[in-house]
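# Remarks on the overall topology
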Amino acid sequence: MLEIRNLVVKYGNFTAVKGISLEVREGEIFGLLGPNGAGKSSTIKSIMGLVEFEGEIKLMNKKIGVKERNLIGYVPEEFMLIDVLTPMEFFEFIASLRGIKSQERIVRLIYAFGLEKYVNKPITSLSLGTKQKVAIVAALMHEPKLLILDEPLNGLDAKSSRILKEMMKKHVEKGGAVLFSTHIMEIAEKLCDRIAVINQGTIVAEGTIEELRKKAKMEGSLEDIFLKLTGEDEYIRGVINALS
Amino acid sequence: MPSLRELWKISGIYYRNLNFLTLIESRTSHTKGVGIEKLAKNANRSVVYNKIFISLIFLFSAIFAAMESSVMGYAAFMLLLMFLFSFFFLQTVTYFFQLNFQLLYTLPISPEDIRKVMFLTFVRIFDIPLILNLFAFPLAVSIFNLWYSAFPAFFGILLSELFSVAIVTSLSKFFYTKLSQPSGGWKEVLRVIFQIIWAATFFIFYAVMMWIRTLYTRLSLYEPIIEKYALIFKLIFPFNFSYLILSPDFISFGSSILFLFFGYLSIRWTINNISRIKELKVEEVPPPEKIRMKITGQIYGIIRKDIKMISRNPGLLMLVFLPTFEGILLMALGNSLTASLYIVFTFVIILTYTLFGFEKLMIMKLLPIPKGKVYLSKIFIGILVFGISLVIMDIYLFFKGEFPDIVEQLILLPAAFSAGVVCLYLGDRIGIKRSAGLSALGFILIVALGNVMLYLPGIGGLLFKGSTEQNLVASLISLIEFLIGVAIIKTAR
């Protein structure tokens, strides 16, 4: 569904992403794992056209243009909400621009994420978790083919987190695809069909959990594999020794 | 325990934050992304420039007032100082009440010291003009009067400043709980009225500055009335201090002492309020019984969103008023309506750029909306503001006994639309991130081109002045320009 070829993202002299290639297939949840500053968000922002990039990004074999944007639902890492509006006004605005005709799905999402109490309050006054829910509803309202979620579980309560995870599963069962970045290994381990581990702007490993285990030549949790693949296990041991 | 010097330093950090917040809020558009570092850097510089500007204005004003050497002249200066001070700092003080000092509570600083930091941050808002005024006016008065008249002048100014700070504090606390809060029915109307007052403070300040000298001359005409009721005026601030400067007696002295006590109470009230800053309170809104959404078309969706943003953002609302205000101002200074239009158009373009900045950075990249539709929605608001400005300027002329040519103005509207589209298109191509995203030269060139397009139908018509073809030629040029605008909207990618 989504193809990325030789993606390079530069911020001035600093190269954040160094020639990444990956593919997100229909019916799968694809996880992007990596330490802070590894290039996860830059990769996602490139897909959305929010940063300048070199390389090729295609959605369903087409470059992402105005029409293709309606096939994507995006939850950014930083809120892109309009603070002076209420969630209701924000949803109305997004729905108008997405050409949604019926409010039914939006209302169901509002209730699913427990936002009904907050729909008439200014977004600026909402808690971080509630703002995240607003961003999630705005991304899901048009039933997109591809969901791109950048650290979507940040600030979410257990109930909403569970609902979102279940929705992601249902979404891929219906033939959609999910690309999501997270630093919570347990969630990635449970949810993702395939994972790409990014470190310093390059993919150091890609595949199912089993394939990653083989590559790391070790058993254990995804966290252990991740630390081994990113070469941070040695560093952590050193830090712990120094601290104790 | 931190020393006062250290607390002053900490307050400096909060003050920089306040300047940045004020700048961001007044810019109004989405500011995440490129250029934020530059904005942060410029925030303090622009605040210092503003303070120097206002200090100079007060300095000249103090000299004019001292030269008048009359009860009315002195009182007028003190009143003017009080109100202008309040107006000038109202917006910054409003943002001061939104500052979050909670971080300090996690550090080893006592609550008492935190209150001091809050107070010092507040003091920093007024610093240069406050101190300069305190000495400029007394000095000027002592030059044009007896040397010891500087003392009552000093206390008169001090009191004006104390009252002014109390006024601005109460207004800000009152306003900040009302602004940015969506609510239905009459509350919505009330909130918009608050916003207008909030934004209008800027214009009042500007207008008074333009006519300061005339104001003094006009006010001096009331001198005989004041003399007639001198006994009463000696009891009222700031006239009591005027009398104390010019012809001190027991009544003016006693009254001044009483008002100094009021000044003491007002500063105590202010300090108490400053150190009790709380998080932005939001009125409880009950959840709706049934959710009913209003989903519209794309263009109307953006316009609706923009209007809501304008109604809740004083900075944006100010930009909406600016074209009309500047137009009327130029006409009041003797320019014709036609000659004043260039400034109206320029401010309309600044408004559309600001509104467009948000979509450019986010909406156009994430949502399935063609550029042309975004242009159209912004130009719609721009032309609406342009049209309203034109109507208000017509009304102004009408009251002056002149009759504007309505047909000529109607012919102008399609050209204004097209000029707006061209400006927005070029600005977008060159790179609007915010209204300040373009270089000054780039902006000037684009607006100059827009103005050429705006005036072209009129110039074309002038070639046939007096003949029946004049309006026809102007209409034709306006129509051709309109079609160019439509073509840009249709083909914009």
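Residues numbered from 1 in each chain as written. Chains lettered and ligands numbered in written order. Predicted model: local features only at pLDDT ≥ 70, side-chain atom pairs only at ≥ 80, totals over all residues.

## Side note on the overall build of chain A
Stated formally: Helix and strand definitions here come from DSSP, where helices need a minimum of 4 consecutive H or I residues and strands a minimum of 2 consecutive E residues; each element is numbered from the N-terminal end. For this measure, only C-alpha atoms enter the radius of gyration; the expected value for a globule follows 2.2 Å times N^0.38, where N is the number of residues. Any residue whose C-beta has 12 or fewer other C-beta atoms within 10 Å is treated as exposed, any with 20 or more as buried, and any in between as partly exposed, C-beta atoms being built from the backbone. What counts as a contact here is a pair of residues whose C-beta atoms, placed from the backbone, lie within 7 Å.
Tallying secondary structure elements over chain A gives nine helices and ten strands in all. Relative to the compact-globule value of 18 Å for 244 residues, chain A shows a C-alpha radius of gyration of 19 Å, a close match. The buried share of chain A, taken over its 244 residues, is 45%. Partitioning the intrachain contacts of chain A with sequence separation of at least 6 by distance along the chain shows that 70% fall at a separation of at least 24.

## So, the overall build of chain B
From N to C terminus, chain B includes 19 helices and zero strands. Within the span of chain B, comprising 493 residues, buried residues form 40% of the whole. Restricting the contact set of chain B to residue pairs at least 6 apart, pairs at least 24 apart contribute 77%.

## Structural notes on the sheet that holds strand β2 (residues 14–24) of chain A
Residues and elements named next belong to chain A. As a reminder of what qualifies: Strands are treated as partners if at least two bridges between them are detected by DSSP.
One open sheet holds the four strands; their spatial order is β2-β1-β4-β5, and the pairing between them is antiparallel. In this open sheet, the two strands that pair with only one neighbour each are β2 and β5 (62–63). Across eight bridges, the pairing between strand β1 (residues 2–11) and β2 is antiparallel. Across the sheet, residue Ile4 finds its bridge partner in β2, namely Leu22.

## Here we look at the sheet that holds strand β7 (residues 146–150) of chain A
Residues and elements named next belong to chain A. How we decide: Geometry is summarised by axes, namely lines fitted to C-alpha atoms with helices restricted to the contacting stretch, and by angles between N-to-C directions that run from 0 to 180 degrees.
Spatially, the six strands line up as an open sheet ordered β6-β7-β8-β3-β9-β10, and their pairing is mixed. Edge strands, defined here as strands with exactly one partner in the open sheet, are β6 (72–75) and β10 (202–207). The average angle at which neighbouring strand axes cross in this sheet is 15°, direction not considered. Bridge analysis of strand β3 (residues 29–33) against strand β9 (residues 194–199) gives four bridges, and the strand direction is parallel.

## Notes on the interface of chain A and chain B
Selection rule: Classification used: nonpolar for Ala, Val, Leu, Ile, Met, Phe, Trp, Tyr, Cys and Pro, charged for Asp, Glu, Lys and Arg, polar for all others including Gly.
Contact with chain A, which involves 36 residues of that partner, is made by 30 residues of chain B. Put simply, the parts of the chain that give the side of chain A that touches chain B at least two residues each are α2 (87–98) and α3 (104–112) of chain A. Ranked by the residues each element gives to the side of chain A that touches chain B, the list is headed by α2 of chain A, at nine residues. A class-by-class count of the residues in the side of chain A that touches chain B yields 19 nonpolar, eight polar and nine charged.

## What about the packing of helix α17 (residues 406–430) of chain B against helix α19 (residues 469–491) of chain B?
When two helices pack together, their arrangement is given by the angle between the helix axes and the distance between those axes. Residues and elements named next belong to chain B. For clarity, the cut-off: Note on terminology: angles under 35 degrees are roughly parallel, angles over 145 are roughly antiparallel, angles of 65 to 115 are roughly perpendicular, and the others are oblique. What makes a crossing left-handed is the near helix being turned counterclockwise from the far one by less than a right angle; a clockwise turn instead makes it right-handed.
Relative to each other, α17 and α19 sit at 30°, their axes nearing to 8 Å. The angle between the axes of α17 and α19 places the two elements in the roughly parallel class. In this structure, the crossing between α17 and α19 has a hand that is left-handed. Contact with α17, carried on its side by Val407, Ile411, Leu412, Pro414, Ala415, Phe417, Ser418, Val421, Val422 and Tyr425, involves Asn471, Ala474, Ser475, Ser478, Leu479, Glu481, Phe482, Ile484, Gly485, Ile488 and Ile489 of α19 and no other residues of that element.

## Considerations on the environment of Gly73 of chain B
Residues and elements named next belong to chain B. In this structure, Gly73 sits in helix α3 (residues 71–96). Under the C-beta neighbour-count criterion, Gly73 is labelled buried, with 21 such atoms within 10 Å. Gly73 sits 55 residues away from Ile128 along the chain, and the two C-alpha atoms are 24 Å apart.

## Description of the nonpolar core
Formally: Note on terminology: a nonpolar core is a set of buried residues of type Ala, Val, Leu, Ile, Met, Phe, Trp, Tyr or Cys, with members joined through C-beta atoms within 7 Å.
Ranked by internal contacts, the top residues of the largest apolar core, which has 131 residues, are Phe90, Val137, Met141, Val178 and Leu179 of chain A. Here the element with the most residues in this core is helix α15 (residues 337–366) of chain B; it accounts for 14 residues. Filtering out sequence-adjacent residues up to four positions away, Val178 of chain A remains in contact with Ile29, Phe30, Leu147, Leu149, Met168, His171 and Val172 of chain A. Ile54, Phe58, Ala75 and Val117 of chain B belong to the second largest nonpolar core, which has 58 residues in total.

## Some words on the pairing of β6 of chain A
Residue and element names in this part refer to chain A. The two faces of β6 match: Ile72 and Tyr74 on one face and Gly73 and Val75 on the other face are all buried. Judged from the four bridges that link them, β6 and β7 form a sheet pairing that is parallel. Considered in β7, the bridge of Ile72 is made with Leu146.

## Focus: the confidence of the model for chain A
Going by this rule: The predictor reports its confidence for every residue as pLDDT, a score running from 0 up to 100.
On average, residues of chain A score 86 in pLDDT, and 100% of them are at 70 or above. Across chain A, α2 of chain A holds the top mean pLDDT of 92, while helix α8 (residues 222–229) of chain A sits lowest at 78.

## Regarding the pairing of strand β8 (residues 177–182) of chain A
Residues in a regular strand point their side chains to alternate faces of the sheet. Residues and elements named next belong to chain A. Within β8, six of the six residues are buried, which leaves the element mostly enclosed by the surrounding structure. Of the two faces of β8, the one carrying Ala177, Leu179 and Ser181 and the one carrying Val178, Phe180 and Thr182 are both buried. Inspection of the sheet shows β3 paired to β8 by five bridges, in the parallel sense. Residue pairing across strands places Gly31 opposite Phe180, the latter belonging to β8.

## Quick word on unusual backbone geometry
The amide bond that connects Phe237 of chain B to the next residue, Pro238 of chain B, takes the cis arrangement and shows omega of 5°. Inspection of the secondary structure assignment puts Pro238 of chain B in the loop between α10 (230–233) and α11 (239–246). Although it is not a glycine, Met60 of chain A sits at a positive phi angle of roughly 50°. Structurally, Met60 of chain A can be placed in the loop between β4 (54–59) and β5. One non-glycine residue with positive phi stands out, namely Glu143 of chain A, at about 50°. Mapped onto the elements, Glu143 of chain A comes out in the loop between α4 (128–140) and β7.

## Concerning the confidence of the model for chain B
Residue and element names in this part refer to chain B. On average, residues of chain B score 80 in pLDDT, and 82% of them reach the 70 mark or higher. Here helix α7 (residues 185–210) stands out as the least confident element of chain B, with mean pLDDT 64; helix α16 (residues 371–399) is the most confident, with 91. Note on residues 28–34: pLDDT under 50 across the span, and 20 contacts to partners over four residues away in sequence or across chains. Interface predicted TM-score (ipTM) for the complex: 0.85; the corresponding pTM is 0.75.

## Digging into the packing of α3 of chain B against helix α5 (residues 111–144) of chain B
Residues and elements named next belong to chain B. The interhelical angle for the contact between α3 and α5, taken along N-to-C directions, is 165°, at an axis separation of 10 Å. On the basis of the axis angle, α3 is roughly antiparallel to α5. Seen along the crossing, α3 lies across α5 with a hand that is right-handed. Here α3 contributes Phe77, Leu81, Phe89, Thr92, Val93 and Phe96 to the contact with α5, which in turn contributes Phe122, Ile125, Phe126, Asn133 and Phe137.

## Quick notes on the environment of Ala150 of chain B
Residues and elements named next belong to chain B. Within the secondary structure, Ala150 is located in helix α6 (residues 150–176). Once the C-alpha coordinates of Ala150 and Ile245 are considered, the two residues, 95 residues apart in sequence, prove to be 7.6 Å apart. Once residues within four sequence positions are removed from consideration, Ala150 is found in contact with Pro138, Leu139, Val141 and Ser142.

## What about α11 of chain B?
The buried fraction of α11 of chain B amounts to seven of the eight residues, a majority that puts the element mostly inside the structure. For α11 of chain B, the set of buried residues is Phe239, Asn240, Phe241, Ser242, Tyr243, Leu244 and Ile245 of chain B.

## A few points about α3 of chain A
Residue and element names in this part refer to chain A. Applicable threshold: An arc is given here, and it is the one of the directions from the helix axis to the C-beta atoms.
Buried within α3 are the following residues: Ile106, Leu109 and Ile110. Down the axis, α3 shows its buried residues gathered within 105° of arc, on one side only. Among the exposed residues of α3, those oriented more than 90 degrees off its buried face are Glu104 and Tyr111. On its buried face, α3 is in contact with α2 and α4. One or two steps after α3, the chain reaches Gly114, where phi turns positive at roughly 65°.

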